[in-house]
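Here is how the chains run, residue by residue.
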Amino acid sequence: MQTIDRPLGDVKDRSLADAGRSRIEWAATFMPVLAQIRDRFAAEKPLAGVRIAGCLHVTTETANLVLALQAGGAEIALCASNPLSTQDDVAAALSEHYAIPTFAIKGEDNETYYKHIEAVLATKPHMTMDDGCDLVTTLMTKHPELLEGMIGGCEETTTGVIRLHAMEKDGVLPYPVIAVNDALTKHMFDNRYGTGQSTIDGIIRETNVLLAGHTVVVVGYGWCGRGVASRAKGLGAHVVVTEIDPRKALEAAMDGFMVMPMAEAAKIGDVFVTVTGNYHVIGGEHFDAMKDGAIVCNSGHFNDELDLDVLREKAVSSTRPRPFVEAFKLPSGRTVRILADGRLINLAAAEGHPAAVMDMSFANQALAAGHLAQHHEELEKKVYSVPDAIDEEVALLKLAAMNIAIDTLTPEQVKYMASWSEGT
């Protein structure tokens, strides 16, 4: 495959590169699974000559994924998948020290965000690596001429997978995509333990609010919601869950949480966290019902979970008492505080998921990319789950890194499990 000359990228401050490299190396010490894959990739070069366009959160953990892909022979260009999730020192380090063209600036406006996506697509990739599907959507709607050279893609998060399934249903998915989010070693751990810890981290860093004794409303009880609810409970909060799925609502109730409609929860909550991947789950009527001083944030991929337009229309004034906090005063005299413009609170106000959990997520991402490079000709234009063999390998590697051993079935047990004739 032909190599294309690339620019160094567009980052905020290249003088931050040394600090970024130190933080990337620190994160690597908590990512032993990805380190093993990087060593394997360096020897086998499964991605030799493959150009990858990455639209991901530009963090220390993502940097280690990108370096593993680079070790495997890939040529990578990277942009941010969220305007507020970039760590500027990491972006500088990737560009300056690792020769990864990186187009990402924390706080970039919408025009710059899409300009950066365009810059990554200008490298004429063979593979996309998305976190939210913005890269694929832009490719399809604005650059159909590039589709001919595409061999496949990977998608990191629930929101992106939802959009990809919609494309597949409509018959417009342009190439095979592996839904990395579907791997058990991704969503059961990254979404629950990663989102659970990092969301609470972001809220506390940005507000210094005491959660103990206060009511935290968790909107959505998927894996992310489970994680946020359990961590808030562990800090002494009274946790309320809102849901639309009766099974998840029942699970939340049996896990010991209060469950009620959003219209009721809005009246009693002190802190609200949305984790649904859906649209306007907190709207104008909910803002109107909230207590004075309510704190509202989002830990789903897009800030569309909050109807911020209607809140701005309702507000008589707004102030910014702290970085990433905007306080809206309503006609009633009450104030609603929105964190990080409704963007991902764990990445906008904190550092995102701990490296130890992203170790599994990005191990899946790297191995999925290698699988696509080797097997894309066998795949249809569908959304595929991560192959079970990869998912299990990641789990085994993580257990080994944690010095945890497990049992294996005996031949007799294998025979018993495969038989229908054994009875009481």
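Predicted model only: the values in this text are computed from it and were never measured.

Novice: What should I look at first to understand the pairing of strand S6 (residues 152–155) in this one?
Specialist: Regular strands place their side chains on alternate faces of the sheet. Side chains of S6 alternate between two faces, with Gly 152 and Cys 154 and Gly 153 and Glu 155 buried alike. Here strand S5 (residues 127–130) runs beside S6; their pairing, made up of four bridges, is parallel. Bridge assignment links Thr 128 to a residue of S6, and that residue is Gly 153. You can see the chain leave S5, run along helix H6 (residues 134–142) and come back into S6, and the turn it takes is right-handed. Note: S6 against strand S7 (residues 177–179), three bridges, orientation parallel.

Novice: What's the story with the sheet that holds strand S3 (residues 75–80) in this structure? I'm lost.
Specialist: Strands in a sheet are paired, the pairing made by backbone hydrogen bonds, and the direction either parallel or antiparallel. An order of S1-S4-S3-S2-S5-S6-S7-S16 is seen for the eight strands of this open sheet, with the pairing classed as parallel. Each of the sheet's edge strands pairs with one partner strand only, and the pair in question is strand S1 (9–10) and strand S16 (383–385). With two bridges joining them, S1 and strand S4 (residues 102–103) adopt parallel strand pairing. Each residue of the ladder has a partner; that of Gly 9, found in S4, is Thr 102. Across the sheet, helix H5 (residues 110–121) is in contact with S1, strand S2 (51–56), S3 and S4; its angle to S3 comes to roughly 170 degrees.

Novice: Hey, could you run me through the layout of surface pockets in this one?
Specialist: If a probe as big as a water molecule is rolled over the atoms, it shows which places are left empty. When its volume is computed, the largest pocket comes out at roughly 1,000 Å³. Along its surface, the largest pocket is lined by 50 residues, and Thr 158, Cys 224, Val 275, Thr 276 and Gly 277 are the ones closest to its centre. Going through the elements one at a time, helix H3 (60–71), helix H7 (158–169), helix H8 (184–207), helix H9 (223–234), helix H14 (345–348) and helix H15 (355–375) are the ones with two or more residues in the lining of the largest pocket. Counting residues per element, the lining of the largest pocket draws most heavily on H8, at five residues. Taken together, the residues that form the lining of the largest pocket break down as 16 nonpolar, 23 polar and 11 charged.

Novice: Could you clarify how one ought to interpret the pairing of strand S9 (residues 238–242) in this entry?
Specialist: In terms of burial, S9 is largely enclosed, as four of its five residues are buried. In the sheet, strand S8 (residues 215–219) pairs with S9 via five bridges, with the strands oriented parallel. For Val 218, the partnering residue across the bridge sits in S9 and is Val 241. In this fold, S8 hands off to H9, which returns the chain to S9; that crossover is right-handed. You can see the chain leave S9, run along helix H10 (residues 246–254) and come back into strand S10 (residues 258–259), and the turn it takes is right-handed.

Novice: Explain H15 to me, please; I cannot follow it from the model alone.
Specialist: Each turn of an α-helix holds 3.6 residues, which means side chains three or four residues apart point in the same direction. Taking 1.5 Å of rise per residue, 21 residues should cover 30 Å, and H15 covers 29 Å from first to last C-alpha, within 8% of that figure. Taking burial as the measure, the 21 residues of H15 include 17 buried ones, the bulk of the element.

Novice: Is there a simple way to explain the side chain of Lys 186 in this structure?
Specialist: Relative to the elements of secondary structure, Lys 186 occurs in helix H8. By relative accessible area, Lys 186 is classed as buried at 3%. If near-sequence neighbours (up to four positions away) are discounted, Lys 186 is found in contact with Glu 156, Thr 157, Val 180, Asn 181, Asn 191, Ser 361 and Asn 364.

Novice: I would appreciate a short explanation of the side chain of Asp 134 in the present structure.
Specialist: Counting through the fold element by element, Asp 134 comes out in helix H6. Look at Asp 134 and you get buried, because its relative accessible area is 7%. In this structure the side chain of Asp 134 is engaged in a polar contact, spanning 2.6 Å, whose partner is the side chain of Tyr 113.

Novice: Even after reading the chapter, I still don't get the pattern of salt bridges, so can you show me in this structure?
Specialist: Here the idea is simple: oppositely charged side chains can pair when their charged atoms come close. As enumerated under the stated definition, the model contains 18 salt bridges in all. For Asp 89, the salt bridge goes to Arg 23, with nearest N and O atoms at 3.0 Å. Of the two residues, Asp 89 is situated in helix H4 (residues 88–96) and Arg 23 in helix H1 (residues 17–28); the sequence distance between them amounts to 66 residues. Asp 89 gets classed as buried once you look at its relative accessible area, which sits at 13%.

Rules used throughout
- Residues numbered from 1 in each chain as written.
- Predicted model: local features only at pLDDT ≥ 70, side-chain atom pairs only at ≥ 80, totals over all residues.
- Heavy atoms only, no water.
- Buried < 20%, exposed > 50% of the residue type's maximum accessible area, 1.4 Å probe, protein only.
- Helix = DSSP H or I, 4+ residues; strand = E, 2+ residues; numbered from the N terminus.
- Pairing = 2+ DSSP bridges.
- Right-handed = clockwise from strand over helix to strand, strands pointing away.
- Contact = heavy atoms within 4.5 Å.
- Axes fitted to C-alpha atoms, helices over the stretch in contact; angles between N-to-C directions.
- 1 Å grid on protein atoms, 1.4 Å probe; cavity = no way out; pocket = protein on both sides within 12 Å on 5 of 7 lines; lining within 4 Å.
- Points joined across faces, edges and corners; volume = space filled by probe spheres on them.
- Nonpolar A, V, L, I, M, F, W, Y, C, P; charged D, E, K, R; others polar.
- Expected span 1.5 Å × (residues − 1).
- Polar contact = N/O pair within 3.5 Å; in protein donor to acceptor, adjacent residues only side chain to side chain.
- Salt bridge = Lys/Arg side-chain N within 4 Å of Asp/Glu carboxyl O.

Everything listed is a geometric property; what it means functionally is a separate question.
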